[in-house]
Structures are given as structure tokens and as C-alpha cells.
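Take a look at the letters that make up each chain.
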Amino acid sequence: LRRAKKMNPCKLPCFRMSLKAHKSPWKMRPIECCAGTFMNNLSCWLDYWFQKLKHLIPSYIKDSSALIQQLHSLGNLPPNARL
């Protein structure tokens, strides 16, 4: 993080608006681009450390194959069961 702070000490995020033309009346959606800012580097750093913790979360599912395997291990479900 120290290196990131030196690289991008005060670059501000870019703020823009996107039009939701399919809504009536028209509405605007705010978009904030943090690429190349300290916020971007901070989020990458947090992601790196959170990835190391994900296996400790009981509800974590690695991928769709793991989900299918868990669903098959449930066996037969009652006819009124919802997934």
C-alpha cells in the first residue's frame, strides 16, 4: 500500500452519469471510475487478503461444479422443496 500511495498520491476518481432511457421518466445512474487511483490499489490489496480467508467461510462455494456436487449430495428432496 505504501508503494501505491506513492504512485497515485492524489489522483481523484472520474465521476460520470449514465442515462437510463428505458425508465419513464428518464433517470441517471452515477458511475465512478477508480482505475489508477489509490482506491483501486486499496481494493486490490483487500482482495488479495480476503481471498486467503474465503475457505474459512462455511457458505463459500468454489465454483458451479462444487455447487452441483453439493446439490447431488442432498439426495431426493420432497416434491414441494424449492432451491
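Scroll up to find the structure.
Residues numbered from 1 in each chain as written. Predicted model: local features only at pLDDT ≥ 70, side-chain atom pairs only at ≥ 80, totals over all residues. Heavy atoms only, no water.

Undergrad: Explain the overall build of the protein to me, using residue names and the numbers behind them.
TA: For the protein, the helix and strand inventory stands at three helices and two strands. Helices and strands in the protein line up, N terminus first, as α-β-β-α-α. Relative to the globule expectation of 12 Å for 83 residues, the C-alpha radius of gyration of the protein, 21 Å, shows a markedly less compact shape. The principal-axis extent of the C-alpha atoms belonging to the protein is close to 55 × 45 × 15 Å. Counted over contacts in the protein with a minimum sequence separation of 6, partners at least 24 positions apart contribute 35%. As displayed, the protein offers around 7900 Å² of accessible surface, 60% of which is attributable to carbon and sulfur atoms. (Helix = DSSP H or I, 4+ residues; strand = E, 2+ residues; numbered from the N terminus. Rg over C-alpha atoms; globule rule 2.2 N^0.38 Å. Contact = heavy atoms within 4.5 Å. Areas by Shrake-Rupley, 256 points an atom, 1.4 Å probe, with all protein chains shown as cover.)

Undergrad: Give me the lowdown on a nonpolar patch on the surface, citing residues and values where you can.
TA: There is a patch of nonpolar side chains on the surface, built from Trp45, Leu46, Tyr48, Trp49, Phe50, Leu53 and Leu56 and spanning about 740 Å² of accessible area. Relative to the assigned elements, leucine 46 resides in helix α2 (residues 38–51). Residue classification places leucine 46 among the partly exposed residues on the basis of a relative accessible area of 33%. (Patch = residues over 30% accessible without salt bridge, like charges linked within 9 Å, V, L, I, M, F, W, Y side chains within 5 Å. Salt bridge = Lys/Arg side-chain N within 4 Å of Asp/Glu carboxyl O. Buried < 20%, exposed > 50% of the residue type's maximum accessible area, 1.4 Å probe, protein only.)

Undergrad: Which residues make up the pairing of strand β1 (residues 14–20), and what values do they have?
TA: Strand direction decides the pairing type here: β1 and strand β2 (residues 27–33), joined by seven bridges, are antiparallel. Bridge pairing links arginine 16 to isoleucine 31 in β2. Where β1 hands over to β2, the hairpin turn is made up of six residues, counted between the paired strands. (Pairing = 2+ DSSP bridges.)

Undergrad: Can you lay out the environment of lysine 11 for me, pointing to particular residues and giving the numbers?
TA: Along the chain, lysine 11 turns up in the loop between α1 (2–7) and β1. Lysine 11 gets classed as partly exposed once you look at its relative accessible area, which sits at 49%. Taking the C-alpha atoms as reference points, lysine 11 and threonine 37, separated by 26 residues in sequence, lie 5.5 Å from one another. With residues up to four places along the chain from it excluded, the contact list for lysine 11 reads Ala35, Gly36 and Thr37.

Undergrad: Give me the lowdown on the packing of aromatic side chains, citing residues and values where you can.
TA: This structure, assessed with the given rule, holds one aromatic pair. Seen from their ring centres, tyrosine 48 and tryptophan 49 are 5.0 Å apart, and the 85° between their planes marks the pair as edge-to-face. Owing to a relative accessible area of 46%, tyrosine 48 belongs among the partly exposed residues under this scheme. The exposure class assigned to tryptophan 49 is partly exposed, which follows from its relative accessible area of 43%. (Phe/Tyr/Trp six-rings, centres within 6.5 Å; stacked < 30°, edge-to-face > 60°.)

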